[in-house]
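An overview of the molecular structure
The residues making up each chain are set out below.
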Amino acid sequence: MNQPVTVSRDADIAVITLDNPPVNALSHRLRAPLMEALEKLGDDASVSAIVLTCAGRTFVAGADITEFGKPMQHPILGEIIAALEKIAKPTVAAIHGTALGGGLELALGCHFRVALRDAKLGLPEVKLGLLPGAGGTVRLPYLLGPQKALKVIVSGTPVDAATALEGGLVEAVYDRDLVANAIAFARERVAAGGPFRPVRDRREKIENTDLARFDTEASELAKKARGLEAPIACAQAVRNAITLPFDEALAAEREAFMRLVSGEQSRAQRHLFFAEREAAKVDGVGKDIKAREIRRAGIIGAGTMGGGIAMSFVNGGIPVTLLEMSREALDRGLATIDKNYSISVSRGSLSEDAKSQRMALFTGTTDYADLAGCDIIVEAVFEEMSVKKDVFGKLDKIARPGAVLATNTSYLDVDEIAAATSRPQDVVGMHFFSPANVMKLLEIVRGKHTAPDVLATALAVAKRIGKVPVVVGVCHGFVGNRMLAARSEEAESLLLEGASPAEVDKVFTDFGWPMGPFQMGDLAGLDIGWRNRKSLGKKAIIADPLCEQGRFGQKTGKGYYLYENGRTPKSDPEVLKLIEEKAREHGIERRTILSQEIIERSLYPMINEGARILEEGIAARASDIDIVWVNGYGFPIGKGGPMFWAEKEGIAKIVERLDHWHSRTGKAVFGPAPLLRKLAASGGSFADAREAAA
Ligand code: 3H9
């Protein structure tokens, strides 16, 4: 095993190198020798300055998250930083890759920070349901000023080296030779002479803070927290940095960190952090399987979905050939893309230059032959098997050998689509979520014949275009939409039996969802489901008459709700009247429906379907399902995804209630999956079941 901490010398300058692959997390195996090295070098008269740097691909990317929730082992990070800050000779952090969380906090314990140009610095703890717990909420405002620090800490988004330099977070930025430059920098400081002020003594930027303005900005950010504790705690900690002496602010930060780290939300968010990384590990796609090279993508369809997918590829730097059936449709699609980028420019999130560069990566065409040079082709045409098969038949004729052929179907059988080609091994599902340029989730559907290197390519593309991929098997609706269907099954019954759309939706938003099922229906357009029902010969007691009245949701100003001004839903007495009438017609006596019942009849069937999906091997792990729901459907991150939440809720309780509703309604969605029954009886978890199966 490598030495986690080594010390070398360049004459009178000591260089401490941390080496704890893969990301130099501050595990105990690294903390103990680091503390020792600092104590020794601090006292060593032959050392006139210390450079702190890292081996491998990155500077320290944070505390070791796997140690959270376990007994604390000294020295803790705060103790190391305190020791570092006491050293009178100049200390310089030399940063490459990412200095994140505890890593940046460690660097803030140094007098100076220097970085490579492509380095990133940030405090992403909020994304783990935490706040920085080793002085970051105090020292960062001292260096950047409270307003900038507030944004960095509450968003968790890192800044690049140039921004860090401009804000005073780093003193120098280099293009190469980081350690040599850091040594030279340290030497200059020694020559310039001390005393060297630790960050804790540099309060200039927080003095004279306009506290009222700060509070306004903090409360704006708090509004976006939607039930999450961490963003609020982050903002409060930065406020403490302004209003309290250093040591008191530090103590308050530590207390808040200890509270959050043992709380349910952080546990859930840490679960999601590791779940996302697990999801990228796919059976049969080991490190030896090389992804195919992707230099150009072809996208078929320039409508909402195709346009969004095309933007995603271009945002990831992959040139796109965009195909439409007619010149008009193509022009319309490209104009929408242009408009979307212009909105980003007007919001300041994209420069005019970057927009022009992106637009230059699009080539429009109406001729399939122009897709011949593409390395991956994604179709986003009408969701109808015959249409998809026709497209894949054409692709089979024109695509170059080895091109990946992907379908963006949301429900259909990928194997049947693949059978329309002579190369089913090259066919894969890539199910994007709308709006595709925004939503993170990508369900990668593995067909019966999909080659391992095609899966590896889809995974690599996902990473390149900033998506969170989950590999799933073939079934109607895959993981997400199949569970959504189970969730929706009882929606109309709840209305008929006594709830209003607003009551149901409120239970969802109280739970932490961004919106409830009826608001979501209105946003997506009720006509979509209506058309689908008609094609399948199905009926909906309430949604059908709403659609017959032209109430398609937000786009027509009316759906389950009224939209008098834009997107704000208002309860509509007409809809309530319709629900009451239909209940009477069907002889249903309406009653008060409590929120617990709404949860049981909406979320438990969804968990049940998730368990079936696991039994059938459509998802490899329960945590994959959590990633699908958090990234594609707005399941609250503070609850860790449906399967993680189900274990907290209690599998035995869920099974008992499913049995209850099954006996009352006879509906299949309530019949508990054998896996759930097994776990309820054994008291085990989904992860145990997977291990047992393996
Ligand atoms: C903190 O610092 C608290 C302090 O304020 C207070 C303390 C008192 N710990 O993402 P990748 C693993 S909280 C343990 O695939 P990339 C990861 O699981 C922390 N493990 O690589 C994976 O393992 P495996 C604040 C970690 O190149 C492997 O490393 N810091 C940690 O795509 C590779 O990871 C953060 O939140 C960790 N901290 O991205 C930063 N980080 O191979 C979290 C990674 O077995 N990390 N692993 O699946 C990241 O954002 C990304 O990993 C990073 C690299 C950008 C660094």
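Residues numbered from 1 in each chain as written. Predicted model: local features only at pLDDT ≥ 70, side-chain atom pairs only at ≥ 80, totals over all residues. Heavy atoms only, no water.

Describing the domain arrangement of the chain
The domains assigned to the chain are domain 1 (5–262), domain 2 (297–476), domain 3 (499–504 + 513–585) and domain 4 (595–693). One C-alpha centre belongs to domain 2, the other to domain 4; they are set 32 Å apart. Taken together, the contacts link twelve residues of domain 2 with seven residues of domain 4. Buried area between domain 2 and domain 4, summed over both chains or domains, comes out near 830 Å², and the portion from carbon and sulfur atoms is 71%. Viewed at the interface, domain 4 and domain 2 are joined by zero salt bridges. (Domains from an automatic or database assignment. Contact = heavy atoms within 4.5 Å. Buried area = accessible area lost by both parts, 1.4 Å probe. Salt bridge = Lys/Arg side-chain N within 4 Å of Asp/Glu carboxyl O.)

Comments concerning the sheet that holds strand 2 (residues 13–18)
Across the sheet, six strands lie side by side as 1-2-3-4-6-9; this open sheet has mixed pairing. Edge positions in the sheet fall to strand 1 (5–10) and strand 9 (172–174), since each of these pairs with one other strand and no more. Neighbour-to-neighbour, the strand axes of the sheet open up by a mean angle of 20°, direction not taken into account. (Pairing = 2+ DSSP bridges. Helix = DSSP H or I, 4+ residues; strand = E, 2+ residues; numbered from the N terminus. Axes fitted to C-alpha atoms, helices over the stretch in contact; angles between N-to-C directions.)

So, the packing of helix 13 (residues 327–347) against helix 14 (residues 352–359)
One can describe the packing of helix 13 onto helix 14 by two numbers: an axis separation of 10 Å at closest approach and a directional angle of 160°. The angle between the axes of helix 13 and helix 14 places the two elements in the roughly antiparallel class. Judged by the sense of rotation from one axis to the other, the crossing of helix 13 with helix 14 is right-handed. Together, L334, I337, D338, Y341, S342 and V345 of helix 13 and E352, K355, R358 and M359 of helix 14 make up the contact between the two elements. (Parallel < 35°, antiparallel > 145°, perpendicular 65-115°, else oblique. Left-handed = near helix turned anticlockwise from the far one by under 90°.)

Comments concerning the pairing of strand 15 (residues 427–432)
With six of six residues buried, strand 15 lies mostly within the body of the structure. Burial along strand 15 is two-sided: the face carrying V427, G429 and H431 and the face carrying V428, M430 and F432 are both buried. Examined bridge by bridge, strand 14 (residues 404–407) and strand 15 share three bridges and lie parallel to one another. Opposite T407, over in strand 15, you have G429 as the bridge partner. (Buried < 20%, exposed > 50% of the residue type's maximum accessible area, 1.4 Å probe, protein only.)

Re unusual backbone geometry
Going from P21 to P22, the amide bond is cis rather than trans, its omega being 0°. Along the chain, P22 falls in the loop between strand 2 and helix 1 (28–43). Omega for the peptide link from H74 to P75 comes to -5°, which places this bond in the cis form. Along the chain, P75 falls in the loop between strand 3 (49–54) and helix 2 (77–86). With phi around 55°, A11 is a residue other than glycine that occupies positive phi space. Structurally, A11 can be placed in the loop between strand 1 and strand 2. With a phi angle near 45°, R226 is a residue other than glycine that sits in the positive phi range.

Describing the environment of I599
On the secondary structure map, I599 appears in helix 25 (residues 595–615). Between the C-alpha atom of I599 and that of T66, which follows or precedes it by 533 residues, the distance is 32 Å. In this view, I599 contacts V507, F511, Y604 and W645; residues no more than four positions away in its chain are not counted.

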